[in-house]
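Inside the fold
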Amino acid sequence: MSENVRQFVSKLVSAEALDSAKDFCLANGKSLAAATGAAVALLYAARAYYRVYRLPPGPLGLPILGRLPWLDLKHLEESQEKMRHQYGGIYSYRMGSRLMIVVSSYELLKEMLSEDVFSGRQLPPAAQRTAQGCGILFVEGRVWSEQRRVSLRVLRDFGFARTESVEFINEEIRILMEKLEQQPTEVKVIDHFNALTNSVIAMLVFGRRYANEDKRYEKFLENSKFLFDVGLLSALPFLFPYLSKLLSLLPMTRKIVKTVQDIQTFIEEEITKREALISTDADAEGTCLCDAYIIERRNAEAKGDFETFKKFQLVRVSMELFVAGTDTTAKTLEWLMIHMAAFPEAQDNVQEEIHRVAGTERQPQLSDKAQLHYTQAVIDESMRFASLAPNAISHRAIKDTYFRGYLIPADAAIVPFLYGLHRNSKYWKRPHTFYPGHFLTEDSRYAPSKMLEPFCVGKRACPGESLAKLEIFLTFTAIMQRYRVRFSRDYETKVDDILRGVCGLARDAGENRLDFVRL
Ligand code: HEM
């Protein structure tokens with residue numbers, strides 16, 4: 001104790017009292033330290049308990065593993081449904097060490113996902129290295145809003161409802177029809193749909209169609225698909241963040257990083273070709289995403305901004321449009337075919353309506369849509385029933401926040417549980433049945449439902465929704481006009497498994513083959 005302090009304290013207490021306090025401390029030093037330690041531990045435990053107590057309700061789990069031993073990872077959506085029945089429209093549980101806040105109530109989803117604080121994203125260190133803070137999918141803040149704005153503009157200008165885009169999609173549909181004509185049985189239809197959706201995104205991003213035999217392009221597509229399908233392994237650093245350094249040494253993690261690099265190299269080469277093509281005039285006009293970025297970059301650089309549209313931003317955004325915009329649309333189309341094969345009465349009605357409105361020769365067009373009430377209801381019902389992105393893409397809480405009285409801790413994963421939204425009996429008359437009536441009025445007119453949200457809601461909602469819907473409508477109606485779809489012989493007995501599917505990042509239909517019978 002310094003002399004000044006001693007003098008000050010001695011004014012408050014007598015010298016004897018001070019000396020006896022000193023003697024007490026010397027005699028009981030160890031006990032005091034122990035008592036202080038216990039008090040700190042108690043406070044810490046009380047704080048931890050208080051935080052757990054303030055979380056949305058949910059089941060307890062094991063240390064480190066959380067609820068993992070109780071989850072059916074092949075059908076995660078079903079495990080989460082059970083918890084939804086028990087705990088309601090917002091609940092929490094630990095998956096590995098990651099706290100998940102699962103939201104499926106329509107009102108809560110709308111409210112929560114419209115807030116910036118719940119619009120972050122988790123990105124493990126290995127992925128951070130490859131993303132370098134660029135793109136849309138895994139970035140936050142100003143970079144995210146800027147890149148999203150430009151992409152949405154490009155998607156609007158070049159992506160949908162433009163006559164050229166519709167013509168391009170129709171040309172791809174014609175190619176698809178030729179393939180079905182040549183081989184109508186035992187069709188692995190997802191391959192055809194992937195080819196179609198990849199071509200559409202290639203046109204949107206690079207402004208060109210690639211030849212069938214282009215080996216570089218084939219490898220690029222294979223790599224993009226690998227990233228979409230890689231599944232649980234890529235989720236490990238997300239579930240066990242403290243192991244991410246160790247996990248980054250695994251051969252599979254290195255393969256993922258290498259695949260991303262290969263994709264980026266391909267895209268960089270394509271951009272360089274595009275740069276050489278586009279005029280340097282100030283009023284130059286582009287025809288694809290690459291052009292739009294190159295023009296934006298030149299304008300920004302003229303104003304001294306060398307960051308916002310740097311080349312790597314374009315590389316990342318292009319890559320993400322391929323990863324997010326191809327398999328998703330293709331798998332939605334595959335589910336539609338599966339549902340038509342599984343529910344032939346619905347298929348009868350769709351075909352009768354298309355033939356009545358567009359006839360049997362002229363391919364159905366967007367202008368027919370308003371009259372195709374039942375067909376639109378079937379497309380919506382198929383998206384509800386499949387719930388392709390059962391957990392959307394999880395968001396990150398940027399900081400500790402209270403939401404409707406619950407604590408949402410920083411870094412918790414916010415899971416928009418769209419499957420739960422789409423199977424809730426509060427919103428749907430027959431949640432577990434394929435029932436197009438969900439989207440029809442009593443006099444059989446199409447009535448969209450705001451509860452159907454396959455593209456999610458809020459600030460991060462899918463920017464590709466309109467393009468996807470355009471591709472789905474044109475492709476589905478063209479096929480239904482010409483072909484009766486049914487399961488190939490070996491798959492007729494496996495319908496339940498096919499419909500149950502497998503749940504990864506997307507909810508995939510089970511292994512299937514289809515026959516297309518010409519009408
Ligand atoms: C049927 C097809 C599709 C479905 C079901 C779908 C679904 C979704 C969902 C659920 C999300 C997550 C939203 C969130 O985090 O809240 C998302 C994000 C995204 N989607 Fe789609 N999508 C589809 C097609 C497309 C297409 C065609 C494109 C591009 C042309 C695209 C580009 C993106 C991008 C870039 C994001 C990230 C948005 C962000 O983080 O701000 N998607 N999509």
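Note that the structure is predicted; figures quoted are calculated from it, not measured.

1. Points about a nonpolar patch on the surface
Nonpolar side chains collect at one region of the surface, where Leu-62, Ile-64, Leu-65, Trp-70, Tyr-242, Leu-243, Leu-246 and Leu-249 lie side by side and expose about 820 Å² of accessible area between them. The residue Leu-65 is located in the loop between α2 (15-54) and α3 (76-87) in this model. Owing to a relative accessible area of 36%, Leu-65 belongs among the partly exposed residues under this scheme.

2. Side note on the packing of aromatic side chains
A complete count under the given rule lists 18 aromatic pairs for this structure. Ring pairs connect the aromatic residues Phe-206, Tyr-210, Tyr-217, Phe-220, Phe-266 and Phe-322, which therefore count as one cluster. A cation over an aromatic ring shows up here: Lys-255 above the ring of Phe-226, its NZ or CZ 4.5 Å from the ring centre.

3. Regarding the coordination of the iron atom of the ligand
Within the protein, a single donor atom binds the iron atom of the ligand, namely Cys-462 (SG) at 2.3 Å. Along the chain, Cys-462 turns up in the loop between α18 (418-422) and α19 (465-482).

4. What about the UniProt feature "binding site: heme" (unreviewed entry) in the protein?
According to UniProt, the "binding site: heme" (unreviewed entry) feature falls on Cys-462. Residue Cys-462 is classed as partly exposed on the basis of its relative accessible area of 33%.

5. Let's talk about the side chain of Glu-353
Along the chain, Glu-353 falls in helix α16 (residues 344-358). The buried charged residue Glu-353 lacks any salt bridge, with Arg-356 as its nearest oppositely charged partner at 4.4 Å. In terms of polar contacts, Glu-353 uses its side chain to reach the backbone amide nitrogen of Tyr-374, at 2.9 Å. Apart from the residues within four sequence positions on either side, Glu-353 is in contact with Gln-371, Leu-372, His-373, Tyr-374 and Thr-375.

6. Observations concerning the site of the ligand
Not every one of the 26 residues close to the ligand is listed here, only the nearest: Arg-121, Arg-148, His-395, Arg-460 and Cys-462. Within the side chain of Trp-144, a nitrogen or oxygen atom sits 2.9 Å from an oxygen atom of the ligand. Looking at the shell around the ligand residue by residue, the class counts come to 17 nonpolar, six polar and three charged.

7. Quick word on the nonpolar core
Counting 126 residues, the largest nonpolar core has Met-337, Phe-476 and Phe-516 as its most contacted members. Apart from the residues within four sequence positions on either side, Met-337 is in contact with Val-189, Phe-193, Phe-476, Ile-479, Met-480, Val-485, Leu-514 and Phe-516. The next biggest cluster of nonpolar side chains, apart from the first, holds 17 residues, and it includes Leu-68, Val-102, Leu-239 and Ala-413.

8. With respect to the side chain of Gln-264
Turning to its location among the elements, Gln-264 is positioned in helix α12 (residues 251-277). Each residue touching Gln-264, except ones within four places of it in the same chain, is listed here: Thr-130, Phe-312, Val-315, Arg-316 and Met-319.

9. Considering the pattern of salt bridges
Under the defined criterion, the tally for this structure stands at 35 salt bridges. A salt bridge links Asp-348 to Arg-484; its shortest N-O distance comes to 2.9 Å. Taken together, the residues Asp-348 in helix α16 and Arg-484 in strand β7 (residues 483-487) connect sequence positions 136 residues apart. Among the charged side chains, a network of salt bridges with common partners joins Arg-208, Arg-216, Glu-269, Glu-270 and Lys-273.

10. Structural notes on α3
The terminal C-alpha atoms of α3, which comprises 12 residues, lie 16 Å apart, in line with the 16 Å expected from a rise of 1.5 Å per residue. Every buried residue of α3 is accounted for by Leu-76, Glu-77, Ser-79, Gln-80, Glu-81, Met-83 and Arg-84. Turning to α3, the residues buried within the fold contact β1 (90-95), β2 (98-103), α18, α20 (495-500), β8 (502-503) and β9 (507-508). One or two positions beyond α3, positive phi appears at Gly-88, with a value near 100°.

11. Points about the domain arrangement of the protein
One can read the domain layout of the protein as domain 1 (4-45) and domain 2 (54-518). Just the C-alpha atoms count here: the centres of domain 1 and domain 2 sit 63 Å apart.

12. A short note on the sheet that holds β2
Strand pairing within a sheet occurs via backbone hydrogen bonds; the two strands may be parallel or antiparallel. Read from one edge to the other, the open sheet built from four strands follows the order β1-β2-β6-β3, with strand pairing classed as mixed. Since the sheet does not close on itself, it has two edges, and those belong to β1 and β3 (395-396), each with one partner. Where β3 and strand β6 (residues 413-416) come together, two bridges link them in antiparallel fashion. Looking at β6, one finds that His-395 is bridged to Ile-414. Sitting on the sheet, α3 touches β1 and β2, and the angle it makes with β1 is about 135°.

13. Details of the environment of Ile-173
Position of Ile-173 relative to the elements: it lies in helix α7 (residues 163-182). Once residues within four sequence positions are removed from consideration, Ile-173 is found in contact with Leu-196, Gln-363, Leu-474, Thr-475 and Ala-478.

14. Notes on the confidence of the model for the protein
When pLDDT is averaged across the protein, the result is 88; 90% of the residues are at 70 or more. What the predictor reports for the complex is a pTM of 0.89 with an ipTM of 0.99.

15. Here we look at unusual backbone geometry
With a phi close to 45°, Ala-392 is a non-glycine residue in the positive phi region. Along the chain, Ala-392 falls in the loop between α17 (373-386) and β3. A residue is classified by how much of its surface remains accessible, and Ala-392, at 12% relative accessible area, is buried. Non-glycine residue Arg-404 carries a positive phi angle of around 50°. Here Arg-404 lies in the loop between β4 (401-403) and β5 (406-408).

16. A look at the packing of α16 against α17
Remark: α16 packs on α17, axes separated minimally by 8 Å, with the N-to-C direction vectors making an angle of 140°. When the axis of α16 is compared with that of α17, the two are oblique. The element α16 and its partner α17 pack so that their crossing is left-handed. Of α17, the residues touching α16 (which contributes Ala-346, Asn-349, Val-350, Glu-353 and Ile-354) are His-373, Tyr-374, Thr-375 and Val-378. Across the contact of α16 with α17, the residue classes break down as five nonpolar, three polar and one charged.

Cut-off values and rules
Residues numbered from 1 in each chain as written. Predicted model: local features only at pLDDT ≥ 70, side-chain atom pairs only at ≥ 80, totals over all residues. Heavy atoms only, no water. Patch = residues over 30% accessible without salt bridge, like charges linked within 9 Å, V, L, I, M, F, W, Y side chains within 5 Å. Areas by Shrake-Rupley, 256 points an atom, 1.4 Å probe, with all protein chains shown as cover. Salt bridge = Lys/Arg side-chain N within 4 Å of Asp/Glu carboxyl O. Helix = DSSP H or I, 4+ residues; strand = E, 2+ residues; numbered from the N terminus. Buried < 20%, exposed > 50% of the residue type's maximum accessible area, 1.4 Å probe, protein only. Phe/Tyr/Trp six-rings, centres within 6.5 Å; stacked < 30°, edge-to-face > 60°. Lys NZ or Arg CZ within 6 Å of the ring centre and 35° of its normal. Donors = N, O, S within 2.8 Å, 3.2 Å for Na, K, Ca; no water. UniProt positions renumbered as here; feature names shortened; annotations may be inferred. Lys, Arg positive; Asp, Glu negative; His and termini not counted. Polar contact = N/O pair within 3.5 Å; in protein donor to acceptor, adjacent residues only side chain to side chain. Contact = heavy atoms within 4.5 Å. Near = heavy atom within 4 Å. Nonpolar A, V, L, I, M, F, W, Y, C, P; charged D, E, K, R; others polar. Core = buried A, V, L, I, M, F, W, Y, C linked by side-chain atoms within 4.5 Å. Expected span 1.5 Å × (residues − 1). Domains from an automatic or database assignment. Pairing = 2+ DSSP bridges. Axes fitted to C-alpha atoms, helices over the stretch in contact; angles between N-to-C directions. pLDDT = per-residue confidence, 0-100. Parallel < 35°, antiparallel > 145°, perpendicular 65-115°, else oblique. Left-handed = near helix turned anticlockwise from the far one by under 90°.

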